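Notes for the structure review
What follows is each chain in one-letter form.
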Amino acid sequence: MRLVYTIADNIITSLGFTTAENTAAIRQNMSGIHTISDPVLYPVPLPLSQVDTTVLDSEFGMLLQLYKKNVPAGSYTRLEKMFILSIHATLDGYAEMAANPKTLLVISTTKGNINLLEGRYKNQFNHKRVYLWEFGRIIQQFFGFRHPPLIVSNACISGLVAIMAASRFIQSGLYDHAVVAGGDIASEFVISGFQSFQALSPAPCKPFDLHRTGLSLGEGCGSMILSVSPGNATKSSVRITGAATTNDANHISGPSRTGAELSQAINLSMNQAALTPGDIDYISAHGTATPYNDEMESKAIDLSRLTHVPVNSFKGYWGHTLGAAGIIESVAAITSMKDNFLYRSAGFDTPGVPVPLNVITSHHHTAVNTCLKTASGFGGCNAAIIYQKD
């Protein structure tokens, strides 16, 4: 089976517009979650992680000039701008890849341009832009990808499933490269939906902590290039060596009470990678900070005999970014591997899950050769991916 490498990436969140900016902010223990007062999004103030609109519009305006697109910046939606900027940054040094017939574009999002359902956008964009297929077509045509994009919308595991699907297409020989991009924005629809579950925390989220009160939403976009070639990276090459999905078949929104199904995904991914629990150096967890998700995830980690492994959640830094989460958190985890540096799990102070975990409480250098990335989502879906250095 062909090897699949991660060779380039980008992160756009409230903490910055590049992977380097985001990880530098995390090293400084900065959080992009702030109390936002925007009655258009929600009638009362709430903690939210938002991408800087001024920078977004400025960067996108310059990009339109670079690509010689003779159209106003306002003809693209907020989410389209984020995707295009992120993919452009990821393609730096691989400009010819988009037009290569052996390159696949994979898009991950849970809601796409869902904000276009709001009245303020009624006359600004064609109604078709709310459909994911049309959203994908806009991204494809901007860069000139040869094939229609594969669009993955599978709740909060969308990002990991997109990476997994792209990897398998490359392993099969159908493609040599894949550009995987995932993103979502803060919208009235999404915020009110999570609030209807009483899942939003009134303060910045605290994954795995005893005093956690729910999740914090965030908007963001992330991109990765997967390839059969290790590329021109200056640091260690990282490969995808195992990946699996499972389903709880438990409840439309509540996760498994036992963690057995996420554990099954973890075990399947480790088996594919020919690894044992003792081989895993680090876990980048889903860690939403809701009472039930963190509880389930701790049980799954225990069932897979991984409670000794250092674990963190990035959601205390930039919130839950939905369709972007699996990708931007994978990028941050891969950066940890390349730098041999683990980031503390922001918001964690007091252990608060049924099974004690080795939650990272301070940034530190250590050898990181293998990483397990997990995710879970509505509908009982679970995903796990193994990243491994050459």
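Residues numbered from 1 in each chain as written. Predicted model: local features only at pLDDT ≥ 70, side-chain atom pairs only at ≥ 80, totals over all residues. Heavy atoms only, no water.

Let's talk about the overall build of the protein chain
Quick note on the threshold: Going along the chain from the N terminus, every DSSP run of H or I of four or more residues is numbered as a helix, and every run of E of two or more is numbered as a strand. The atom set for the radius of gyration is the C-alpha atoms, and the globule formula is 2.2 Å times the number of residues raised to the power 0.38. The classification of residues rests on relative accessible area computed with a 1.4 Å probe and restricted to protein chains. Under 20% of the type maximum is buried, over 50% is exposed, and intermediate values are partly exposed. Contact definition: two residues touch when any of their heavy atoms are within 4.5 Å. The charge count includes Lys and Arg as positive and Asp and Glu as negative, but it does not include His or the ends of the chains. For charged residues, the charge sits on one atom: NZ in Lys, CZ in Arg, CG in Asp, CD in Glu.
Per the secondary structure count, the protein chain includes 10 helices and 16 strands. Computed over its C-alpha atoms, the radius of gyration of the protein chain comes to 19 Å, within 12% of the 21 Å expected for a compact globule of 390 residues. Expressed along its principal axes, the backbone C-alpha trace of the protein chain runs to roughly 55 × 50 × 40 Å. Across the 390 residues that make up the protein chain, the buried fraction comes to 59%. In the protein chain, the proportion of contacts linking residues at least 24 apart, taken out of those at least 6 apart, comes to 78%. A distance of 5 Å separates the average location of the 27 positive side-chain charges in the protein chain from that of its 28 negative side-chain charges.

Re the sheet that holds strand 11 (residues 310–312)
As a reminder of what qualifies: For two strands to be treated as a pair, DSSP must find at least two bridges joining them. Between N-to-C directions, angles cover 0 to 180 degrees, with each direction set by a line fitted to C-alpha atoms, over the stretch in contact for helices.
Sheet architecture is open: 11 strands sit in the order 5-4-6-8-1-9-16-15-10-11-13, paired in mixed fashion. Strands at the two margins of the open sheet, each flanked by one partner only, are strand 5 (150–152) and strand 13 (358–359). Bridge count for strand 9 (residues 238–247) against strand 16 (residues 381–389) is 9 bridges, and the pairing is antiparallel. Note on strand 16: the bridge partner recorded for Val238 is Lys389. Helix 7 (residues 260–272) contacts strand 9, strand 15 (370–377) and strand 16 of the sheet and is inclined by roughly 150° relative to strand 9.

Remarks on the pattern of salt bridges
Stated formally: Just to be clear on terms, a salt bridge is a Lys or Arg side-chain nitrogen sitting within 4 Å of an Asp or Glu carboxyl oxygen.
Taken as a whole and assessed by the stated rule, the structure comprises 13 salt bridges. We note a salt bridge from Asp57 to Lys81, for which the minimum N-O separation is 3.0 Å. Remark: Lys81 occurs in helix 3 (residues 78–90) and Asp57 occurs in helix 2 (residues 53–66); sequence separation between them is 24 residues. With its nearest N and O atoms 3.6 Å apart, the salt bridge here joins Arg212 to Asp294.

A word on helix 6 (residues 188–196)
The condition that has to hold: What the arc describes is the spread of directions from the helix axis to the C-beta atoms.
Buried within helix 6 we find Val190, Ile191 and Phe194. All buried residues of helix 6 project into a common sector of 95° when viewed along the axis, lining one side. Its buried side turned inward, helix 6 meets strand 3 (46–49) and strand 7 (217–218). Residue Gln198 follows helix 6 closely and has a positive phi angle near 55°.

Examining the packing of helix 2 against helix 3
Note the threshold: Should an angle fall under 35 degrees it is taken as roughly parallel, and over 145 as roughly antiparallel, whereas 65 to 115 is taken as roughly perpendicular and any remaining angle as oblique. Crossings are assigned a handedness: left-handed for a near helix turned anticlockwise from the far helix by less than a right angle, right-handed for a clockwise turn.
Their axes nearest at 10 Å, the elements helix 2 and helix 3 cross at an angle of 60°. Overall, the two elements helix 2 and helix 3 adopt an arrangement that is oblique. Taken as a pair, helix 2 and helix 3 cross one another with a handedness that is left-handed. The segment helix 2 lies against helix 3, with Thr53, Leu56, Asp57, Glu59, Phe60, Leu63 and Leu66 engaging Arg78, Lys81, Met82, Ile84, Leu85 and His88.

A short note on the sheet that holds strand 3
The 3 strands lie next to each other as 2-3-7, forming an open sheet whose pairing is mixed. Whereas interior strands pair on both sides, the edge strands pair on one side only; in this sheet they are strand 2 (33–36) and strand 7. Here strand 2 runs beside strand 3; their pairing, made up of 4 bridges, is antiparallel. Pairing of Ile36 across the sheet is with Leu46, part of strand 3.

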